[in-house]
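Below, each chain spelled out in residue letters.
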Amino acid sequence: MASVSLIAVLILVIIFECTTAEEEEEPPVVKIEQGTLKGLNGFSIREKPFLAFLGIPYAKPPVGDLRFKDPQPPEPWEGIREAFEEGEICPQVGLLSGKTEGDEGCLFLNVFTNKLPASSNDLKPVMVWLHGGAFVTGSSTSIMFGPDHLLTEDVVLVTINYRLGILGFLALPDIGIHGNFGMKDQVMALRWVKKNIEAFGGDPNRVTLFGNCAGAASVQYHLLSPMSTGLFHRAISQSGSALDYWAYAEPDYLREAGFKVGAKIGCSASTSKELLECFEKKTGRDFVNIIGHEDDTGIAIGEFTPTREDGSGAETFLPDRPSKLIADKKFHAIPYMIGFNSREGLTFQQLTEAESFWDKLDNNFDKSVARVAEKDVSKVKEASQNIKKVYFEDKKPSKETLDNFIECLSDMAYFIGADRTVKMQAPYSTAPVYYYYFAFDGELGLTKRALKLTQPGVAHCDELGYMFNTAISDPVEEDSNEMKTIKRMVKCLANFARTGDPSSTMDDMLNVKWEPYTKQDPVYLNIDKELSMKRDLKEDRRKLWSSVFDS
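For clarity, every value in this text was computed on a predicted model and none was experimentally measured. (Residues numbered from 1 in each chain as written. Predicted model: local features only at pLDDT ≥ 70, side-chain atom pairs only at ≥ 80, totals over all residues. Heavy atoms only, no water.)

## Regarding the overall build of the chain
Across its full length, the chain carries 14 helices and 18 strands. Since a compact globule built from 551 residues should have a radius of gyration of about 24 Å, the 23 Å found for the chain is in line with a globular shape. Its C-alpha atoms put the chain at 70 × 60 × 45 Å along the principal axes. Taking all 551 residues of the chain together, the buried fraction comes to 59%. Taking all contacts inside the chain whose residues are at least 6 apart in sequence as the whole, residues at least 24 apart take part in 74%. (Helix = DSSP H or I, 4+ residues; strand = E, 2+ residues; numbered from the N terminus. Rg over C-alpha atoms; globule rule 2.2 N^0.38 Å. Buried < 20%, exposed > 50% of the residue type's maximum accessible area, 1.4 Å probe, protein only. Contact = heavy atoms within 4.5 Å.)

Structural data, given as structure tokens:
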């Protein structure tokens, strides 16, 4: 069983085992490439039965000689494998427990479906979820991503784990270690889906990749990766982009970060070879607590993220910087949905409690702007001062300007990446690009519930409470705005997965035609108590930041 708290285990028991005697059925059995699987009969909070196959290995455990290596295909098994428990999560500081947990043998996925197929003509669209967590934490656990709501639209849902932190993204290019192991894990999972999902009732030719935060950035990386060609057919990025400053690092930066980690865990070394030899003697958990750092801007960032790789071989995940690939029109032209929440920065206000935070932010604001703009600090000096003046209204950054900082961080970390994406990609894509803004500040906002936030606005990850059943979700009335939002979100996502058009079926709840974004008609869907189409999302802030990108 994955390293989750006791309450998590109890919730899994409730989800998958609490059925009446009359409802009990024989466990579902499927035959896949690796062998035979026996799953579980579940019953959702929406009072609908479903099937769950948990903890399926999609690659060999990346341990021993396979640490810091590309994932390898999974081993077959004899007899029937019981897919009753979620697999181990990857080494991390747990989102639920706050403690070091997990194990390197963590490359598992879960499959949820309403029923097994009667024939090859009875196939449903597939949705593959990539969890967030800044590439350092998170997992596919049903405690966070219960399938209850999405399965009302009769899709097949797949949730996966992938390697995190230094174990997933170390790069030592001078000795042939080019990083992106966590991204290649995702590719391996998609290859598994293509080969096996039909056994669960999924259509391998209608696979939608979707994710939030680092999972959203991962989705966009797959749009840019030659390794991912043909493995998925629609894409959704929620509150994250490969163009966000926190989602990418240069290979030399990752190499330097590796040596910093080595110095902290007793692996001081003078060469990459020496560093790797020492790392190979450590346990997976030895790397966890030292991941991430706070630089002189005051804003903590993850040290290990996707990067470009030297080389152009078949197993090169990312041949260049994301912004360069998009500018060169080297992206998969498939239907794409991207957007963000109204006040993402609410989730990260604890950053401001660090010692000297406000002084660091004030004195090094130009470095933060340079990071967003992918430019040298010397080229953004003037523009950064103007940007700071607009956000902080001529006030010195301090506790009294917390709301100003939240607005600034929301734009820096999420709006800019999404907006650059639609403006760079939509005019040249042969497939539609859909843009959204999630502004519904309701009772199921996931982060606001977890952190007990009371300020107005939609925080980072809040929208997940309207897509998944979670450990902290409460039942809501059928006629509430919360339930209406759940139904709208699920309907849009499932429509998109089925056809590539989120408005392909409409009803009283989903009564607004979501038009794609174009250069001539820069529209977006505003998701609030009601749905509405609007134009020129945050146009004033886009114009403000254009001075940086155009300089």
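## Considerations on helix H5 (residues 251-264)
Because an α-helix packs 3.6 residues into every turn, residues spaced three or four apart end up facing the same way. With 14 residues, H5 extends 20 Å from end C-alpha to end C-alpha; this agrees with the ideal 20 Å at 1.5 Å per step. Along H5, the positions that sit buried rather than exposed are Pro251, Leu254, Ala257, Gly258, Phe259, Val261 and Gly262. The elements touched by buried residues of H5 are helix H2 (165-169) and helix H6 (272-279). Where H5 terminates, the next one or two residues include Gly266, which has phi positive at roughly 80°. (Expected span 1.5 Å × (residues − 1).)

## Details of the pairing of strand S9 (residues 124-130)
In terms of burial, S9 is largely enclosed, as seven of its seven residues are buried. Note that S9 and strand S10 (residues 156-160) share five bridges and pair parallel. For Met127, the partnering residue across the bridge sits in S10 and is Leu157. (Pairing = 2+ DSSP bridges.)

## Considering the packing of helix H10 (residues 381-392) against helix H14 (residues 539-549)
One can describe the packing of H10 onto H14 by two numbers: an axis separation of 8 Å at closest approach and a directional angle of 160°. Considering the angle they form, H10 stands roughly antiparallel to H14. The crossing of H10 and H14 is left-handed. Contacts between H10 and H14 involve Ala383, Asn386, Ile387, Val390 and Tyr391 on the former and, on the latter, Arg541, Leu544, Trp545, Ser547 and Val548. Residues that form the contact of H10 with H14 fall into these classes: seven nonpolar, two polar and one charged. (Axes fitted to C-alpha atoms, helices over the stretch in contact; angles between N-to-C directions. Parallel < 35°, antiparallel > 145°, perpendicular 65-115°, else oblique. Left-handed = near helix turned anticlockwise from the far one by under 90°. Nonpolar A, V, L, I, M, F, W, Y, C, P; charged D, E, K, R; others polar.)

## Examining unusual backbone geometry
Phi angles above zero are rare outside glycine, and Phe135 is one such case at about 65°. Structurally, the position occupied by Phe135 is in the loop between S9 and S10. The phi torsion at Asn180 lies on the positive side, around 60°, for a residue other than glycine. Within the secondary structure, Asn180 is located in the loop between H2 and helix H3 (181-196). Asn180 gets classed as buried once you look at its relative accessible area, which sits at 0%.

## Here's the deal with the side chain of His460
With respect to the secondary-structure elements, His460 resides in the loop between helix H12 (446-451) and helix H13 (481-499). The exposure class assigned to His460 is buried, which follows from its relative accessible area of 3%. Once residues within four sequence positions are removed from consideration, His460 is found in contact with Asn212, Cys213, Ser239, Asn341, Arg343, Glu344, Thr347, Phe348, Tyr414 and Thr447.

## A short note on the state of the cysteines
A full pass over the atoms with the stated rule returns two disulfides. Shown here is the disulfide that connects Cys90 with Cys106, its sulfur atoms set 2.1 Å apart. Between Cys90 and Cys106 the disulfide shows an S-S torsion of about 85°. By sign, it is right-handed. With Cys90 in the loop between strand S5 (80-82) and strand S6 (92-93) and Cys106 in the loop between strand S7 (100-101) and strand S8 (108-113), this pair connects stretches of sequence that are 16 residues apart. Classification of Cys106 by relative accessible area gives buried; the value is 0%. A sulfur-sulfur distance of 2.0 Å marks the disulfide that ties Cys267 to Cys278. Here the disulfide of Cys267 and Cys278 is left-handed, its torsion about the S-S bond being about -80°. (Disulfide = S-S within 2.5 Å.)

## Overview of the nonpolar core
In terms of nonpolar packing, the biggest core is built from 119 residues, with Val111, Phe200, Trp246, Phe279, Tyr435 and Trp545 touching the most fellow members. Considering every element that reaches this core, the biggest residue donor is helix H11 (residues 402-425), with 10 residues. Trp129, Leu150, Met483 and Cys492 belong to the second-largest nonpolar core, a separate cluster that totals 42 residues. (Core = buried A, V, L, I, M, F, W, Y, C linked by side-chain atoms within 4.5 Å.)

## Notes on the sheet that holds strand S4 (residues 49-57)
In spatial order, the strands read S3-S4-S8-S10-S9-S11-S12-S15-S16-S17-S18; together these 11 strands make up an open sheet with mixed pairing. What marks the edges here is a single partner per strand, and that holds for strand S3 (40-43) and strand S18 (531-535). Taking each pair of neighbouring strands and ignoring which way they run, the sheet shows an average axis angle of 25°. Here five bridges tie S4 to S8, and the two strands are oriented antiparallel to one another. The residue bridging Pro57 from the neighbouring strand is Phe108, located in S8. Contacts between H3 and the sheet are confined to S4, S8, S9, S10 and strand S11 (202-212), with S9 contributing the most and set at about 165° to the helix. Across the sheet, H11 touches strand S15 (336-341) and strand S16 (433-438), and the angle it forms with S15 is around 155°.

## Structural notes on the pattern of salt bridges
Taken as a whole and judged by the stated rule, the model has 35 salt bridges. For Lys381, the salt bridge is made with Asp366, and the minimal N-O distance between the two is 2.6 Å. Pair noted here: Lys381 is in helix H10 and Asp366 is in helix H9 (residues 365-373), with a separation of 15 residues, a long-range link. Take Asp366: its relative accessible area is 9%, and that puts it in the buried class. One network of salt bridges, with partners in common, ties together Glu250, Arg308, Asp310, Arg321, Glu374 and Arg420. (Salt bridge = Lys/Arg side-chain N within 4 Å of Asp/Glu carboxyl O.)

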